[in-house]
Amino acid sequence: QDAGNHTVLSEFILSGLSSRPELQHLLFFTICFIYSMALIGNLLICMATAHPTLHTPMYFFLRILSFLDISTASVVVPKMLVNTLSEDRSISYLGCVTQLYCVVFLASTEWYLLAAMAYDRYVAVCRPLRYPAIMSTRACLSMVLLSCCSGQVVSVVQTAWVFTLPFCGPRRINYFFCDIPPLVLLSCADTSRYERQLVSATVLVIFTPFCLILLSYTCIISSILRISSAESRHKTFSTCSSHLTVVTLYCASGTLIYLQPKSRNSQEAKKVLALIYTTVIPTLNPLIYSLRNKEVKEVLIRGMAVLMKK
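Being a predicted model, the structure only gives us computed values, none of them experimental. (Residues numbered from 1 in each chain as written. Predicted model: local features only at pLDDT ≥ 70, side-chain atom pairs only at ≥ 80, totals over all residues. Heavy atoms only, no water.)

It is not clear to me how the overall build of the protein should be interpreted in this structure. Could you clarify?
Scanning the protein from terminus to terminus reveals 10 helices and five strands. The C-alpha atoms of the protein give a radius of gyration of 21 Å, which matches the 19 Å a tight globule of 310 residues would have. Burial statistics for the protein: of 310 residues in total, 49% are counted as buried. Pairs at least 24 residues apart make up 79% of the contacts formed inside the protein by residues separated by at least 6 positions. A total accessible area of about 15,700 Å² is found for the protein, and carbon and sulfur atoms account for 67% of it. Charge centroids of the protein, computed over 25 positive and 15 negative side chains, lie 11 Å from each other. (Helix = DSSP H or I, 4+ residues; strand = E, 2+ residues; numbered from the N terminus. Rg over C-alpha atoms; globule rule 2.2 N^0.38 Å. Buried < 20%, exposed > 50% of the residue type's maximum accessible area, 1.4 Å probe, protein only. Contact = heavy atoms within 4.5 Å. Areas by Shrake-Rupley, 256 points an atom, 1.4 Å probe, with all protein chains shown as cover. Lys, Arg positive; Asp, Glu negative; His and termini not counted. Charge placed at Lys NZ, Arg CZ, Asp CG, Glu CD.)

This is the structure:
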């Protein structure tokens, strides 16, 4: 039905990762495998970091990060898997609003949490004597709460702005979930002002935490270089390298997706980047942190040994 010159949509159609029928089963089993690995890996990290020997701020933040990764993948992947094998790829208007809100909230919260993790590493390396006082339980909880509140504000504002845009004509979203760039493409209004606002929000959500992370690691590297023992330098840097790897992956994919929201030519590339952001990175995070962290590996190995004995 029409309201003025605009179409009132009750649902959208998600095109999915590919429209080629011969690829659907391959995509289904591939994504299903990656999603399963993401769930298993992050659940193992959550359980490992709950071990009494790992009750430190770094592992507390890592447990929250794993929970956010599970949530991000679970918001996107199940619906994508159903659509891959179904002819009906519709998503209700309210479902689309909810999915966008959750994705933006989780992604924004994760970025602020990564900044908190960088600050934790800065205090551990550069202010070791004051570490217990600065990174107290109350301080860690406050950082997580502040990250969630910041993510909530960003998500509410972005979701509200997107869905105040008038959607005209086709209701097909050239994507596998409801995200900002493909939804902006459906609007028949002049979205240049919104695109400028989105770029500003991207800078606020990604580059502001990234600058704080960069500043933290500049101080950390400076402190590491002053350590006389090569073994100590290697050990200190190894505790930070996992976090730097994750930050690099998030920053690269996130900025490429959101800095050009209405670029039609790059939609297929953005699908791949969004898949990496929402599915592949949550799968890689447990591998990055467990394979490069001796303490986490030891807890996981001991846990598996106990399970095998039973």
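Where do I start with the pattern of salt bridges in this structure?
Pairing between side chains of opposite charge can happen when the charged atoms of each approach one another. Evaluation of the coordinates by the stated rule reveals two salt bridges. A salt bridge links Asp120 to Arg121; the nearest nitrogen and oxygen atoms lie 3.0 Å apart. Like Arg121, Asp120 is buried. (Salt bridge = Lys/Arg side-chain N within 4 Å of Asp/Glu carboxyl O.)

Would you mind going over the state of the cysteines with me for this structure?
Note on terminology: a disulfide is the covalent bond linking the sulfur atoms of two cysteines. The tally for this structure, following the rule as stated, stands at one disulfide. Two residues share a disulfide in this structure: Cys96 and Cys178, whose sulfurs sit 2.0 Å from each other. Its torsion about the S-S bond being -120 degrees, the disulfide of Cys96 and Cys178 is classed as left-handed. Within this pair, whereas Cys96 is found in helix 3 (residues 93-126), its partner Cys178 is found in the loop between strand 5 (172-173) and helix 6 (180-185), the two being separated by 82 residues in sequence. Here Cys96 matches Cys178 in class, with each residue buried. Distance from the sulfur of Cys126, which forms no disulfide, to the nearest cysteine sulfur (Cys219) is 5.7 Å. By relative accessible area, which is 16% here, Cys126 ends up buried. (Disulfide = S-S within 2.5 Å.)

Just to check I follow, could you spell out the nonpolar core for this structure?
Across soluble globular proteins, you tend to see nonpolar side chains buried next to one another. Counting 84 residues, the largest nonpolar core has Phe12, Phe61, Trp111, Leu114, Ile173, Ile180 and Leu183 as the members making the most contacts within it. Ignoring any residue separated from it by four or fewer positions in sequence, one finds Trp111 in contact with Val205, Ile206, Pro209, Phe210, Ile213, Val247, Tyr250, Cys251 and Tyr277. (Core = buried A, V, L, I, M, F, W, Y, C linked by side-chain atoms within 4.5 Å.)

Is there a simple way to explain the environment of Ser192 in this structure?
Mapped onto the fold, Ser192 is located in helix 7 (residues 192-225). For Ser192, a relative accessible area of 29% corresponds to the partly exposed category. Sequence separation between Ser192 and Tyr258 is 66 residues; the distance between their C-alpha atoms is 14 Å.

Just to check I follow, could you spell out the packing of helix 3 against helix 7 for this structure?
What describes two packed helices is the angle between their axes and the distance between those same axes. Taken N-terminus to C-terminus, the directions of helix 3 and helix 7 make an angle of 15 degrees; their axes are 9 Å apart at the nearest point. When the axis of helix 3 is compared with that of helix 7, the two are roughly parallel. The crossing of helix 3 and helix 7 is left-handed. Contacts from Ser108, Trp111, Tyr112, Leu114, Ala115, Ala118, Tyr119, Arg121, Tyr122, Val125 and Cys126 in helix 3 reach Leu204, Val205, Ile206, Pro209, Phe210, Ile213, Ser216, Tyr217, Cys219, Ile220, Ser223 and Ile224 in helix 7. Considering only residue class, the contact of helix 3 with helix 7 consists of 19 nonpolar, three polar and one charged. (Axes fitted to C-alpha atoms, helices over the stretch in contact; angles between N-to-C directions. Parallel < 35°, antiparallel > 145°, perpendicular 65-115°, else oblique. Left-handed = near helix turned anticlockwise from the far one by under 90°. Nonpolar A, V, L, I, M, F, W, Y, C, P; charged D, E, K, R; others polar.)

Explain the UniProt feature "transmembrane region" (unreviewed entry) in the protein here, please?
As annotated by UniProt and renumbered to match this structure, "transmembrane region" (unreviewed entry) occupies residues 26-48, 60-78, 98-119, 140-163, 201-225, 237-260 and 272-291. The annotated region residues 26-48 carries 100% helix and 0% strand content, and the separation between its end C-alpha atoms amounts to 33 Å. (UniProt positions renumbered as here; feature names shortened; annotations may be inferred.)

What should I look at first to understand the pairing of strand 3 (residues 11-14) in this one?
As a general feature of sheets, a regular strand has side chains that alternate between the two faces. Bridging between strand 3 and strand 4 (residues 90-92) involves three bridges; their strand directions are antiparallel. Bridge assignment links Glu11 to a residue of strand 4, and that residue is Ser92. Two elements, strand 3 and strand 5, share two bridges in a ladder whose sense is parallel. Note that in strand 5 the partner of Leu14 across the bridge is Ile173. (Pairing = 2+ DSSP bridges.)

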